[in-house]
Amino acid sequence: TAPLYRRLRRRSPSAPLTNIVTSEPGLESHLVVAGGGRHGRRISEVLTQLGEPHVVVELDQRRFEAMKDAGLPAIYGDASNSHILEAARVRRARAVLCTTPEPAVARAIVVTVRELSLDTRIIARADDEESAASLADAGANRVVRPDMEASLEMLRQSLVQLEVPPPTIHELMADARGTTNPAR
């Protein structure tokens, strides 16, 4: 869609542009990655390497074009827009991964996904406890906190060095993540 928008802009520089949304063909039981920044791009690269069906929704033109140039499946648009999510076939997706660090944007994405599909699993990123609670309240099934995951990985590595048995490490990590509360 990006090249099409450029052509339209050259033809009518002052005319307002409207979204042109086309569905990605063949998307079924796939993952939708909302955000193609550092985390979203890495997720897409690994999913592509594994041959897992997915699509990234990215609003930043440069990131979108870089992803397309790298052969990664991407849709240009705002992931909080229901038309864009429908183009990503969110109702047929196994899960939506909301990677954006901006709390208000992440919440808007979660709310829109939940309005479109009660069944689609939503895994969202939050940088603090307040944002994590807000995303869980909005309908996210799981909330991942990168800062917490980094500290837990450092702890896990330390426990390995101390030769703590793997089942004990696994149990400690689950307790630290609060797996009894799935949204956190």
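Residues numbered from 1 in each chain as written. Predicted model: local features only at pLDDT ≥ 70, side-chain atom pairs only at ≥ 80, totals over all residues. Heavy atoms only, no water.

Trainee: Lay out the pairing of strand 4 (residues 95-98) with the relevant residues and their values.
Mentor: Burial of strand 4 is two-sided: the residues A95 and L97 facing one way and the residues V96 and C98 facing the other way are all buried. In this structure, strand 1 (residues 31-34) lies alongside strand 4, joined through four bridges in parallel fashion. Across the sheet, residue L31 finds its bridge partner in strand 4, namely A95. Pairing of strand 4 with strand 5 (residues 121-125), which is carried by four bridges, proceeds in the parallel orientation. Paired with L97 across the bridge in strand 5 is I123. Handedness of the crossover is the feature at issue here: the chain leaves strand 4, passes through helix 5 (residues 103-116), returns alongside strand 5, and the resulting connection is right-handed. (Buried < 20%, exposed > 50% of the residue type's maximum accessible area, 1.4 Å probe, protein only. Helix = DSSP H or I, 4+ residues; strand = E, 2+ residues; numbered from the N terminus. Pairing = 2+ DSSP bridges. Right-handed = clockwise from strand over helix to strand, strands pointing away.)

Trainee: Summarise the pattern of salt bridges; cite the residues concerned and give the values.
Mentor: Following the criterion strictly, the structure yields ten salt bridges and no others. Put simply, E129 and R145 hold a salt bridge, and the shortest N to O gap is 3.2 Å. With E129 in helix 6 (residues 129-138) and R145 in the loop between strand 6 (142-144) and helix 7 (146-161), the pair connects residues that are 16 residues apart, well separated along the chain. Among the ionic pairs, R177 bridges to E149, the shortest N-O distance being 2.8 Å. Of the two residues, R177 is situated in helix 8 (residues 166-177) and E149 in helix 7; the sequence distance between them amounts to 28 residues. Look at E149 and you get partly exposed, because its relative accessible area is 26%. It is possible to trace a salt-bridge network through shared partners that takes in R41, R42 and E45. (Salt bridge = Lys/Arg side-chain N within 4 Å of Asp/Glu carboxyl O.)

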